[in-house]
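A look at the structure
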Amino acid sequence: MTSQPQLDNLIDIEEQYQVATYKKFPFVVERGEDVWVYTTTGERYLDLYGGHAVVSTGHSHPRVVRAIHDQASRLIFYSNLVYNDARARAARKLVEIAPEPLAKAFFVNSGTEANENAMKIARMLTGRKKIISFEGSFHGRTPGSLSATGLSKYRENVSPLLEGHVYAEFGSIDSVNGLLDKETAAVILEPIQSMGGVRMAEPDFYQALRARCDDANAMLIYDEVQTGMGRTGEFFFAGRFCVVPDLVSLAKGIASGVPMGAVLMTDAIAGEVKIGDLGTTFGAGPLACAALEATVDVISEEGLLENVRENSEYLFAELRKMPSVEEVRGLGYLIGIKFGSAKFVQRALLDRKIITGLSDDPSVLRLLPPLTLRRPEIDLFLEELRGIDHG
């Protein structure tokens, strides 16, 4: 019988058998509860990163756990070749919280897959090739999504990238106007650029972008992989400033940590998609659908949108009082805090048992906490942040 690995050897085992893709924190997380994670050595960390904006309802929320357990005991998986009760409920649940005229869902497995399919739909239905995205954007790591990603370092050493991709200046409608023409299939953007340093444009930019896409008969795609499912204090950024895109891509917190993604679209677009145009084996699996349904119910019934709005307002206000904070960016629980060195602050917070994230901007620390983060934990974070000597 093979002996079980010692806990202090787990890091070495991962390093030996897993391809190195991320620089990891030097501890092993074995369980989580709400906004906390616990290590194999018994340490407790306040998780303000949320597994990268994934753990929307908190770690192992009892209602989500129960939904997954109940579904797994009945049916773990069957493909889209059959109808399924969990899939039907999940599709209805997701569409019901979406702003009109978004009316249909196509389920996939991840954010990059959602973005690939959104751009595929736009090209397929318009018969055009050009996709406009934005400098500073991040849309995923597969070749199609990388081709739309405006952060050039992620495109390096990936060849060939897809043709037809151009990049405008985020927040500048004049820059978009210089690129938008009769060959444009779609404009895709993160409403708030997360990896790019948590950057948000002015309301009139989104409104002008909607109008220009309409003029050019091009589709408008919101990449809401990070802004979706309540992170900004509403279920979606779509609908803000009276702007609804033609397509919305989702993933991250859509199922509280069970891998899942989706593309929301209008009835008009869905009506042009023919049988066989799209497909996925694991997308809309019953287990993920059960988790999605429970996630929406928890957010709706436990007041998490209100929690995000109220407590993020308090957090933003307190952060802006701190001399070490140069700027606070973002909306809701998608927060960028600008310091002289974000990495220094991240390391100092980690020493104080608080997990945070970085961005492509070395001065911006990112917070992507569970939507369940409340005032006591916020005050703990603020107290520890005030105690850091910035030199």
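Please read all numbers here as calculations on a predicted model, not as lab measurements. Residue positions are given per chain, counted from 1 along the sequence in the order it is written. Owing to the predicted nature of the model, reporting of local features is limited to residues with pLDDT of at least 70; listing and counting of side-chain atom pairs is limited to 80 or more, with chain, interface and lining totals taken over all residues. Note: side-chain values were computed over all heavy atoms of the structure, leaving out hydrogens and water.

Side note on the nonpolar core
Think of a nonpolar core as a cluster: buried Ala, Val, Leu, Ile, Met, Phe, Trp, Tyr and Cys residues, connected wherever their side-chain atoms sit within 4.5 Å. Burial classification: accessible surface area is computed with a 1.4 Å probe over protein chains only, and a residue below 20% of its type maximum counts as buried, one above 50% as exposed, and the rest as partly exposed. In terms of nonpolar packing, the biggest core is built from 94 residues, with Leu94, Phe236, Leu319 and Phe381 touching the most fellow members. Considering each element in turn, this core owes the most residues, eight residues, to helix H10 (residues 286-301). Any two residues whose heavy atoms approach within 4.5 Å at even a single point are treated as in contact. With residues up to four places along the chain from it excluded, the contact list for Phe381 reads Leu46, Leu48, Leu315, Leu319, Ile337, Leu349, Ile354 and Leu367. Judged by nonpolar contacts, the second largest core, of 19 residues, contains Ala148, Ile188, Ile269 and Leu278. Under the scheme used here, helices are H or I runs from DSSP no shorter than 4 residues and strands are E runs no shorter than 2 residues, and both carry numbers assigned from the N terminus.

Observations regarding unusual backbone geometry
Cis peptide bonds are those with omega within 30 degrees of zero, and the linkage from Glu100 to Pro101 qualifies with 10°. By secondary structure assignment, the location of Pro101 is in the loop between helix H4 (85-97) and strand S4 (102-108). Cis geometry marks the peptide bond from Ser159 to Pro160, where omega comes out at 0°. On the secondary structure map, Pro160 appears in the loop between helix H6 (143-148) and strand S6 (165-168). The phi dihedral of Ser60 falls on the positive side, at around 50°, and the residue is not glycine. By secondary structure assignment, the location of Ser60 is in the loop between helix H2 (50-53) and helix H3 (62-74). Ser60 sits in the exposed class, given a relative accessible area of 52%. The backbone of Ala284 shows a phi angle near 70°, a positive value even though the residue is not glycine. Positionally, Ala284 belongs in the loop between helix H9 (267-270) and H10. A relative accessible area of 3% means that Ala284 is categorised as buried.

Observations concerning the pattern of salt bridges
Any carboxyl oxygen of Asp or Glu within 4 Å of a side-chain nitrogen of Lys or Arg constitutes a salt bridge here. Scanning the model with the defined rule gives 22 salt bridges in all. Here Arg210 and Asp214 are joined by a salt bridge, their closest N and O atoms 2.9 Å apart. Of this pair, Arg210 and Asp214 are both found in helix H8 (residues 203-216), four residues apart, which corresponds to roughly one turn of the helix. Judged by its relative accessible area of 43%, Asp214 falls in the partly exposed class. Lys274 is paired through a salt bridge with Asp277; the nearest N and O atoms lie 3.6 Å apart. A single network of salt bridges, built from pairs that share partners, joins Arg74, Asp85, Arg89 and Glu293.

A word on the sheet that holds strand S1 (residues 29-33)
Strands were regarded as paired on the criterion that DSSP finds at least two bridges between them. Reading across the sheet, the four strands line up as S1-S2-S3-S15 and stay open at both edges, with mixed pairing between neighbours. Since the sheet does not close on itself, it has two edges, and those belong to S1 and strand S15 (354-355), each with one partner. Throughout, an axis means a line fitted to C-alpha atoms (over the contacting stretch in the case of helices), and angles, computed between N-to-C directions, take values from 0 to 180 degrees. Docked against the sheet, helix H13 (residues 375-386) engages strand S2 (36-39), strand S3 (44-47) and S15, running at close to 100° with respect to S3.

A short note on the pairing of S3
Here S2 runs beside S3; their pairing, made up of three bridges, is antiparallel. By the bridge assignment for S3, Tyr38 is matched with Arg44. Counted between consecutive antiparallel strands, the loop separating S2 from S3 contains four residues, among which Gly42 sits at a positive phi close to 90°. Alignment of S3 against S15, held across two bridges, turns out to be parallel.

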